[in-house]
Each structure stands twice: as C-alpha cells, then as structure tokens.
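# Structural features, examined
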Amino acid sequence: FIATDAYLASDTNVVTFRVKPITLSVSNDSTLAGYDANIDIRLIIDGNNSNVGAFDLLLLWDADIISLDSVTFSEDLSDWEYLNAIIDPFGPGTLKLLGLANFYSGDVPPLKFGDYLLASIHFYTSYNPDYENLVIPLNMPVGDLFRNIVTDSSGYVIYHPLINSV
C-alpha cells in the first residue's frame, strides 16, 4: 500500500485485512390463507474476531397480503441495553429492528462466535383465496449504507448486504 499526502510525499506500508464472516438470515414459513406464520431473524458469526454490538434492520412486505401481529426479541439479547421494534416506520408493511449492547457499563459483552436468534416475527396472512400458493417475500432494502447494518462494539460496520453480498 502506498500513501501519498497533499505534498506528494509517499510512504509504503503493509495493510492487513481481517475478514469477519457474518451472515444475517431470515427464515421461511408456509401457511394457508388466513392463518399465521412465524419468521426468525438470525445472526451467524463465523469468525473468532467478530464482535457484534448493534444492529439496525429494516424489513418490508406487501401489507395487503400479510399483517404483522407481534415481534419478540430473543433471550440471546435479554441483557442488551436497548432493543426496539418500530412498526410501520415507513408506512404499512415496514418494520425496523434496533439493538444496542450495554457498552456504557461494560456489563454486556457484544455477541461473539456463534449462531444467535435476534427476533421472531409473527404474521397473519390475508383470507383472500387469490393469494393461495404465492411466495410472499420479506425484503431488506440495500439502497444505502444506513439500513440493514450490523456493527461491532465501536460502531464500525461489519455487515451490510451491499458489502457482504456474494
């Protein structure tokens, strides 16, 4: 790596990248029209050097077909300082999930290597028979770097679909 300053002075340095493999997954569920479905949001941390300390997730769906009943945060996050589910922040069919570990007192370490359930979301489907056998996606928009992020304990982004896509 060669760095050059404003006066064109150069310096050569070795740069080391540590890959922090993290996967954010949304489960699938099948149901009949008019019945309920459950979706789990999981975080899988494969790297020993990954420490997850916060997340900001946005989910979108077709509000004419499915409606949100409840959101339950996992026991894996029971000691976190702040957990919030904001329903319809951008209109019907949107959900924002926010979580922050307790960094001020240092009592709660960030999530480390492992498979964690972040939240379970309970939906109801429409009774409309026209929606039978449809696949109804939950979307996570990736238009900017301010939504659907997972950060380490210092606030550094360690997961975002735009930078972690295959």
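One can find the structure itself at the top, above this paragraph.
Residues numbered from 1 in each chain as written. Predicted model: local features only at pLDDT ≥ 70, side-chain atom pairs only at ≥ 80, totals over all residues. Heavy atoms only, no water.

## Some details on the pattern of salt bridges
Scanning the entire structure with this criterion turns up two salt bridges. In this structure, Asp115 engages Arg42 in a salt bridge whose closest nitrogen and oxygen atoms are separated by 3.0 Å. Here Asp115, found in strand E9 (residues 114-125), pairs with Arg42, found in strand E4 (residues 36-45); they are 73 residues apart in sequence, far enough to count as distant. Residue classification places Asp115 among the partly exposed residues on the basis of a relative accessible area of 45%. (Salt bridge = Lys/Arg side-chain N within 4 Å of Asp/Glu carboxyl O. Helix = DSSP H or I, 4+ residues; strand = E, 2+ residues; numbered from the N terminus. Buried < 20%, exposed > 50% of the residue type's maximum accessible area, 1.4 Å probe, protein only.)

## Some thoughts on the nonpolar core
One finds Ile41, Leu43, Phe55, Leu97, Leu111 and Leu118 to be the most contacted residues of the largest nonpolar core, which totals 26 residues. Within the residue set of this core, elements represented by two or more residues are strand E3 (22-26), E4, strand E5 (54-60), strand E6 (66-73), strand E8 (94-100) and E9. Per-element tally for this core: the top contributor is E9, with five residues. If near-sequence neighbours (up to four positions away) are discounted, Leu43 is found in contact with Ile22, Thr23, Leu24, Val52, Leu111, Gly114, Asp115, Tyr116, Leu118 and Val150. (Core = buried A, V, L, I, M, F, W, Y, C linked by side-chain atoms within 4.5 Å. Contact = heavy atoms within 4.5 Å.)

## Observations regarding the side chain of Thr94
Position of Thr94 relative to the elements: it lies in strand E8. Among all residues touching Thr94, those that are not within four sequence positions of it are Leu58, Leu59, Leu60, Trp61, Ile86, Ile87, Asp88 and Pro89.

## What to know about the environment of Pro92
Of note, Pro92 is situated in the loop between strand E7 (82-87) and E8. Under the relative-accessibility criterion, Pro92 is labelled exposed at 67%. Expressed as a C-alpha distance, the spacing of Pro92 and Asp62, which sit 30 residues apart in the sequence, is 8.3 Å.

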